[in-house]
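Observations on the model geometry
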Amino acid sequence: MHILVFIKQVADTEARIIIKGDQKSLEIENKYNINFFDEVAIEEAIRIKERIKDSQVTVCTYGTKKAVEALRTAIAMGADRAFLLDNTNLENHDPLIIAKILSSFAKREGFDLILCGRQAIDDENANIGAITAEFLGIPHVSAILKLEIMDEKKVRVESELEGGREVVEVQLPALLTTQKGLNEPRVPLITGVMKAMKAAIPSIDPCSLGIAKEDINTDASRVIVLSYEPPKKRPPVKIIEGETPEEKVENLMKVLKEEAKAI
Amino acid sequence: MSKDILIFVECKEGTVRKVSLELLTKGKEFTERFSSNLYAVLIGYQVKGIAEELKAFSDKVLVVDNEILKNYRWDTYAAVLEQLVKKYIPYMVFGASTITGKDLFPRLAARLNVTIVSDAVGIDFGGEGVRIKKPIFGGKIISWTACKEGSTPLVTFRPNSFSIHKRSLNGELIEESLKIAKDPRLNVVNIERGGSKKVDIQEADFIICGGRGMKGPENFQVLEEIADIMGGRVGASRAVVDSKWREYGDQVGKSGKTVSPKLYIGCGVSGALHHTMGMDTSKVIVAVNKDPNAPIFQYADYGIVDDLFNILPILKDELKRAKEEV
Ligand SMILES: Cc1cc2nc3c(=O)[nH]c(=O)nc-3n(C[C@H](O)[C@H](O)[C@H](O)COP(=O)(O)OP(=O)(O)OC[C@H]3O[C@@H](n4cnc5c(N)ncnc54)[C@H](O)[C@@H]3O)c2cc1C
């Protein structure tokens, strides 16, 4: 089975992010990780590979040259191959365009199954998976919690519904987005890291995938960032005083009713 | 192009979800400003009763009632919306950033070849053009984005982003009969709904969240009781979910759910960044923690420094009394 995994390198949760003077660009502290939900996707792909003979895991990202680090981590975890779809001069916020590039790559590589995280924790979108599936004309299931390979042609997955769960059988090829609960991503072994350091990671110009440059360059984006601003700061916490727990609760109730109007 | 807005309405247990009423309220503000039409789209099976409720909130209610639409599936629902958007050519389509919306809207965007802005928390159409407000990087940054004119962008909004104003419009009910087929490559084997009578955690106005300080699963009973009194939900930190005290569906935070209730009370939650990223858009935040230096106090509006086991039983009684007074 050939499994493709789409990943994204994102700023670490702890990374400092500064809005630049023009209020239209950001300066991000140099702390990056693989998007948490994508790590789950890599892990799942490797587990399938460990179970099913002759499987291959190909990881790919559309991103900056720096994102090669994330690809190396994926190889260290156990992926077979990795590709960088280099976004130099093509930096883009439009999920439609990114999905177009990823689906073109998928068509070129061929695949039985595509896995990717349910959403990126930087832009907070949850779009790439389902859009790519539509472009490829294949079914998808979002945010899966369980995956069982029935045979080469079918998988059975469990996913979250509003207030419940759903079990679905999906014919392959298909795209599944992953979330926490599906597995615990492994920490790469030192042998994996050594292998990853040596691995050749080809860089691909998205324009070589048969998409016209004007369709994917920065201007093609139909989503435009107008400005960035910091979130509203809350005033400092008011510690509710009181001699006894009873008094504290009483005083809390008072402020919640009168000041915060929250009850 | 018209300035009509089309809104996909979500239902649960035979009633319109709160988030959809929020969107209809905001959508109506928009169409009033531009003297355009607000379309509510209701998709399902035997939903005509619900359509009546929507008439009060919109100019037109498009109803697609078909047994094949009984349960949500992206294939059938996207097919319906695709046809309706092509027929009515609205200026924008709104949906909710819920499990359903996150699954459906990107698929629809690709079908229509239009762009999508997801997980927005606000929209401004007072000045020049339409600006959409969206938190990124777990709320560390707020971005304002716009969509280029010319095609119908899709926008999904986080629940609890807007307030609901009861309207008394008398929208026209339009039954649409469309061609819909299931994708044979997808076979739903089983749907299991549990505890669905409770409000969805992302829509809850009140959340009381337990952290590792709760010490064990049995102690969440008091939180359940408090949530019931307040008509809200119990949330949990990841530490709690990882310890299997609560289900993953209750997890608030970066790798769980993003919530923005009117009132959030964190009990024995330390306030790690991964957690606060999922709740810092709550309107009022209260923290109960015995450690005065717990980071959660940097996010909270009000704090009680005490042992939560002393506080919770009293809090429960007080909230109960307050509710009974109303
Ligand atoms: C990639 C990643 C994603 C993550 N995603 C999430 C997420 O989505 N949600 C999430 O919550 N976390 C998430 N985390 C974990 C997060 O970093 C914290 O570890 C977690 O939130 C801590 O949970 P806690 O506050 O319940 O426990 P602790 O940090 O152990 O805090 C317990 C608190 O309870 C207080 N306490 C103890 N006993 C009492 C008492 N009797 N009375 C009053 N107070 C008491 C203590 O003072 C302490 O502050 C994530 C971590 C990573 C690495």
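Each remark here, short or long, concerns the structure printed above.
All figures in this text were calculated on a predicted structure; none of them were measured in a lab.

Overview of the interface of chain A and chain B
Listed by partner, the interface residues are 83 residues for chain A and 91 residues for chain B. Summing both partners gives a buried area of about 7,400 Å² for chain A against chain B, and 56% of it is carried by carbon and sulfur. The interface formed by chain A and chain B includes 8 salt bridges. Note that Glu134 of chain A and Arg107 of chain B form a salt bridge whose closest N and O atoms lie 2.6 Å from each other. Counting every contact that joins chain A to chain B gives 57 residue pairs in polar contact (both at pLDDT 80 or more). Sorting elements by how many residues they give to the side of chain A that touches chain B places helix α7 (residues 245-258) of chain A first, with 9 residues.

Topic: the site of the ligand
By nearness alone, 27 residues border the ligand, and Arg212, Ser237, Ser255, Ser270 and Asn289 of chain B come closest of all. With respect to the ligand, the chains having nearby residues are chains A and B. Asp307 of chain B places a polar side-chain atom, nitrogen or oxygen, 3.1 Å from a nitrogen atom of the ligand. Within the complex, 79% of the 990 Å² of free accessible area of the ligand lies under protein. Of all elements in the fold, only α6 (238-242), α7 (273-276) and α8 (308-325) of chain B reach the threshold of two or more residues within the shell around the ligand.

Some points on a negative patch on the surface
The grouping of Glu243, Glu246, Glu247 and Glu250 of chain A at the surface amounts to a negative patch. Take Glu247 of chain A: it is sitting in helix α7.

Some thoughts on the sheet that holds strand β14 (residues 206-210) of chain B
Taken in spatial order, the 6 strands make up an open sheet running β15(A)-β18(B)-β17(B)-β16(B)-β14(B)-β15(B), and their pairing is parallel. Across the chains shown, the open sheet's two edge strands, defined by having one partner strand only, are β15 (238-239) of chain A together with β15 (233-236) of chain B. In this sheet, strand β18 (residues 302-305) of chain B lies alongside β15 of chain A in parallel orientation, the contact comprising 2 bridges. Counted as the bridge partner of Ile239 of chain A is Gly303 of chain B from β18 of chain B. Here α7 of chain A sits on the sheet and contacts β16 (263-267), β17 (284-289) and β18 of chain B; the angle it forms with β18 of chain B, its principal contact strand, is near 175 degrees. Contacts between α8 of chain B and the sheet are confined to β14, β16, β17 and β18 of chain B, with β16 of chain B contributing the most and set at about 145 degrees to the helix.

Things to note about the environment of Gly27 of chain B
Residues and elements named next belong to chain B. Looking at where Gly27 falls in the secondary structure, it is placed in helix α1 (residues 18-33). Residue class for Gly27 comes out buried when judged on its relative accessible area of 0%. In sequence terms Gly27 and Leu6 are 21 residues apart; their C-alpha atoms lie 8.2 Å from each other. In contact with Gly27, other than residues within four places in its own chain, are Ile7, Leu38 and Phe94.

What to know about the nonpolar core
Ile3, Val5, Val157 and Leu176 of chain A together with Leu154 of chain B are the most contacted members of the largest nonpolar core, which totals 75 residues. Tallying contributions element by element places helix α3 (residues 74-88) of chain B first for this core, with 8 residues. If we skip the residues at most four places from it in the chain, Ile3 of chain A touches Ala45, Ile48, Gln56, Val57, Thr58, Leu113 and Leu115 of chain A. One finds Ala236, Ile265, Ile311 and Ile314 of chain B within the second-largest nonpolar core, a separate group that totals 41 residues.

Calculation criteria
- Residues numbered from 1 in each chain as written.
- Chains lettered and ligands numbered in written order.
- Predicted model: local features only at pLDDT ≥ 70, side-chain atom pairs only at ≥ 80, totals over all residues.
- Heavy atoms only, no water.
- Contact = heavy atoms within 4.5 Å.
- Buried area = accessible area lost by both parts, 1.4 Å probe.
- Salt bridge = Lys/Arg side-chain N within 4 Å of Asp/Glu carboxyl O.
- Polar contact = N/O pair within 3.5 Å; in protein donor to acceptor, adjacent residues only side chain to side chain.
- Helix = DSSP H or I, 4+ residues; strand = E, 2+ residues; numbered from the N terminus.
- Near = heavy atom within 4 Å.
- Areas by Shrake-Rupley, 256 points an atom, 1.4 Å probe, with all protein chains shown as cover.
- Patch = residues over 30% accessible without salt bridge, like charges linked within 9 Å, V, L, I, M, F, W, Y side chains within 5 Å.
- Lys, Arg positive; Asp, Glu negative; His and termini not counted.
- Charge placed at Lys NZ, Arg CZ, Asp CG, Glu CD.
- Pairing = 2+ DSSP bridges.
- Axes fitted to C-alpha atoms, helices over the stretch in contact; angles between N-to-C directions.
- Buried < 20%, exposed > 50% of the residue type's maximum accessible area, 1.4 Å probe, protein only.
- Core = buried A, V, L, I, M, F, W, Y, C linked by side-chain atoms within 4.5 Å.

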